[in-house]
Amino acid sequence: MSSWFPRWRRVDAARHQGLVAPDEALPPAQTLLMGIQHAVAMFGSTVLAPLLMGFDPNLAILMSGIGTLLFFVIVGGRVPSYLGSSFAFIGVVIAATGYAGSGGNPSIALALGGIIACGAIYTLIGVVVMALGTRWIEYLLPPVVTGAIVMTIGLNLAPVAVSSVKGSSFDAAMALVTILCVGLAAVLTRGMLQRLLILVGLAAAYAIYALVTNGLGWGAPIDFSAIGAADWLGMPAFTAPSFSPHAIVLIAPVAIILVAENLGHIKAVGAMTGRDLDPYIGRAFVGDGLATMVSGASGGTGVTTYAENIGVMAVTRVYSTLIFVAAAGFAILLGFSPRFGALIQTIPGPVLAGTSIVVFGLIAVAGARIWIQNGVDLGDNVNLIVAAVTLVLGAGNFSIDFGGFTLDGIGTATFGAILLHLVLRRGAGRRQGVAG
């Protein structure tokens, strides 16, 4: 009988010719440096997602570190992953709270209750997977469905980003400058900087905004006074959740997205390492679900395994799970720095809006990428109808009222895609049976 944790074998990355496996360990100094690199890789998205929802980014970073450690323990240190803020929650959180798009979210407690419910469902799915395996998930969520749902999230969020810069020509111009900065970072940088294109582009746009406002006097200047007034170390602001049936109905279905996302990530890492990680998928779902519940109970965002960190592993060929313990520790340290949080809060609204336009567009394109990578045939009428209907339901924010409950665009698109695919596929199967 194998132990819960592996017995990590020490290797030196500088001398190791092949990949460093999940159950291998680098020397402490190399582990720390690799961990910091992974923390930097997750930083841009983990900070941006809470800002777009009106959450405290400091707390989100702290909970990402705590969630990653919890995930590490539950999977027995056998699945290399970092858990950061999930973008899948943005649309439903905004819908549930009516968030206007700037500053703190006054209705954050409502969102937290929904995030906890989502984590509970996700955890339950993980328990079922531990007992029955993943085949039933792959049946309910084939690539045409998951791709359409992911694309819908980006399209549904598009009006939120665009509407935030409609009132001012200067704000609109700075949003476009931000988009250009992110685009140039994507095509002109290489290596690690290219993997941090959102963060690099945002930093460049921030500097340009400070130059033209604080330096040249155009537009509203950035107020840096809060940075100097903040302590280097201190506790973040925790928020208690409240449970609203309306918010729960809106937010809980995100569990379906997280399942599809996490499943794809683990399959990808398994393929890259040559290891069979399928026996740990159920545990990974439970770990991610519990981490989401812990984060929501404290005032943080829902979390998910990060593709950004999978990209770093693919480049470095270092998959040791111990580096994610180091990354989590570094994130927790940042989470306890109010001065760091004050710096994040100075990001101007137009810069944030421009970054959002790019990020939401990338989410939509990621859905199309799922179709391409899995060879989804849009010449098949079943796939064609499922994709077409799902995209319009989500992009048009099609809502359904059930008494006192309202299921908004992402929810109707998610459930609609699953049910429509099941019905049409079964109908197509019967027709082929009759024809045969």
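Residues numbered from 1 in each chain as written. Predicted model: local features only at pLDDT ≥ 70, side-chain atom pairs only at ≥ 80, totals over all residues. Heavy atoms only, no water.

Let's shift gears to the overall build of the protein chain. Scanning the protein chain from N- to C-terminus turns up 19 helices and six strands. If you line up the protein chain on its principal axes, its C-alpha atoms span 75 × 55 × 45 Å. A burial count over the protein chain gives 52% of its 436 residues as buried. For the protein chain, restricting intrachain contacts to residue pairs at least 6 apart in sequence, the fraction spanning at least 24 positions comes to 79%. Total accessible area computed for the protein chain in this model is approximately 18,700 Å², and 68% of it derives from carbon and sulfur atoms. Of note, the protein chain has its 19 positive side-chain charges centred 11 Å away from the centre of its 17 negative side-chain charges. (Helix = DSSP H or I, 4+ residues; strand = E, 2+ residues; numbered from the N terminus. Buried < 20%, exposed > 50% of the residue type's maximum accessible area, 1.4 Å probe, protein only. Contact = heavy atoms within 4.5 Å. Areas by Shrake-Rupley, 256 points an atom, 1.4 Å probe, with all protein chains shown as cover. Lys, Arg positive; Asp, Glu negative; His and termini not counted. Charge placed at Lys NZ, Arg CZ, Asp CG, Glu CD.)

Confidence along the protein chain averages 84 in pLDDT terms, with 92% of residues attaining 70 or more. Within the protein chain, strand β6 (residues 405-407) has the poorest average pLDDT of any element, 61, and helix α13 (residues 281-298) the best, 95. (pLDDT = per-residue confidence, 0-100.)

A separate point is the packing of helix α4 (residues 108-132) against helix α12 (residues 254-273). Interhelical geometry of α4 versus α12 gives an angle of 45 degrees and a closest axis separation of 8 Å. In terms of orientation, α4 lies oblique with respect to α12. The two elements α4 and α12 meet at a crossing, and its hand is right-handed. Where α4 abuts α12, its residues C118, I121, Y122 and I125 lie against V254, A255, L258, V259 and N262. (Axes fitted to C-alpha atoms, helices over the stretch in contact; angles between N-to-C directions. Parallel < 35°, antiparallel > 145°, perpendicular 65-115°, else oblique. Left-handed = near helix turned anticlockwise from the far one by under 90°.)

Here we take up the nonpolar core. Membership of the largest hydrophobic core comes to 105 residues, with the highest contact counts inside it found for F89, I251 and F285. A total of 10 residues in this core trace back to one element, the largest contributor, which is helix α1 (residues 28-53). Discounting chain neighbours no more than four positions away, the residues touching F89 are M53, I115, C118, I251, V254, L258, T292, G302 and V303. (Core = buried A, V, L, I, M, F, W, Y, C linked by side-chain atoms within 4.5 Å.)

This next bit is on the environment of I115. For I115, the position within the fold is in helix α4. For the pair formed by I115 and A247, sequence separation is 132 residues and the distance between their alpha carbons is 8.9 Å. Excluding residues within four positions of it along the chain, I115 makes contact with F55, F89, I251, T292, G296, G300, T301 and G302.

Bringing the pattern of salt bridges into the picture now. Taken as a whole and judged by the stated rule, the model has three salt bridges. Across the pair E24 and R9 runs a salt bridge, and its minimum N-O distance is 2.1 Å. Pair noted here: E24 is in strand β2 (residues 24-25) and R9 is in strand β1 (residues 9-10), with a separation of 15 residues, a long-range link. By relative accessible area, which is 7% here, E24 ends up buried. Between D380 and R425 there is a salt bridge, with the nearest N and O atoms lying 3.5 Å from each other. Of this pair, D380 sits in the loop between α17 (349-373) and α18 (381-395) while R425 is found in helix α19 (residues 409-435), placing the two residues 45 residues apart along the sequence. (Salt bridge = Lys/Arg side-chain N within 4 Å of Asp/Glu carboxyl O.)

This part is about the side chain of T123. Structurally, T123 is set in helix α4. A polar contact is formed between the side chain of T123 and the backbone oxygen of G119, at a distance of 2.8 Å. Setting aside residues no more than four positions away along its own chain, T123 makes contact with F285, V286, G289, L290 and M293. (Polar contact = N/O pair within 3.5 Å; in protein donor to acceptor, adjacent residues only side chain to side chain.)

Since the α-helix turns once every 3.6 residues, residues separated by three or four places project in the same direction. Helix length check: α13, at 18 residues, gives a terminal C-alpha distance of 26 Å against a target of 26 Å (1.5 Å per residue), a fit within 8%. Most of α13 is tucked away: 14 of the 18 residues are buried. One or two residues past the end of α13 sits G299, with phi positive at roughly 110 degrees. (Expected span 1.5 Å × (residues − 1).)

The next subject is unusual backbone geometry. We note that N397 has phi near 55 degrees; this positive angle belongs to a residue other than glycine. With respect to the helices and strands, the residue N397 is situated in the loop between α18 and β5 (400-402). In this structure N397 comes out as partly exposed when scored by relative accessible area, which is 35%.

A few words now on a nonpolar patch on the surface. Nonpolar side chains collect at one region of the surface, where L180, L184, V187 and L188 lie side by side and expose about 410 Å² of accessible area between them. Looking at the secondary structure, you find V187 in helix α7 (residues 169-188). (Patch = residues over 30% accessible without salt bridge, like charges linked within 9 Å, V, L, I, M, F, W, Y side chains within 5 Å.)

To continue, consider helix α6 (residues 143-163). The end-to-end C-alpha distance of α6 is 31 Å, a good match for the 30 Å that 21 residues give at a rise of 1.5 Å each. Approximately 30 degrees is the largest bend angle found in α6, and it occurs at L157, with the proline P159 only one to four residues beyond. (Bend = angle between axes of the 7 residues up to and from the residue.)

Considering all chains together, one arrives at five aromatic pairs under this definition. Judged by centre distance (6.3 Å) and plane angle (40 degrees), the ring pair of F5 and W8 falls under tilted. A relative accessible area of 25% places W8 in the partly exposed class. Note on W8 and F72: the rings are 6.0 Å apart at their centroids and 10 degrees apart in plane angle, and the pair reads as stacked. With W8 in the segment before β1 and F72 in helix α2 (residues 57-74), this pair connects stretches of sequence that are 64 residues apart. Its end group placed over the ring of W4, R283 keeps NZ or CZ at 3.8 Å from the ring centre. (Phe/Tyr/Trp six-rings, centres within 6.5 Å; stacked < 30°, edge-to-face > 60°. Lys NZ or Arg CZ within 6 Å of the ring centre and 35° of its normal.)

A separate point is the packing of α6 against α18. Their axes nearest at 8 Å, the elements α6 and α18 cross at an angle of 20 degrees. Comparing the axis directions of α6 and α18 gives the class roughly parallel. In this structure, the crossing between α6 and α18 has a hand that is right-handed. Taken together, the residues of α18 that come into contact with α6 (itself represented by V144, V145, A148, I149, M151, T152, L155 and N156) are N383, V386, A387, T390, L391, G394 and A395. Of the residues in the contact of α6 with α18, the class split is 10 nonpolar, five polar and no charged. (Nonpolar A, V, L, I, M, F, W, Y, C, P; charged D, E, K, R; others polar.)

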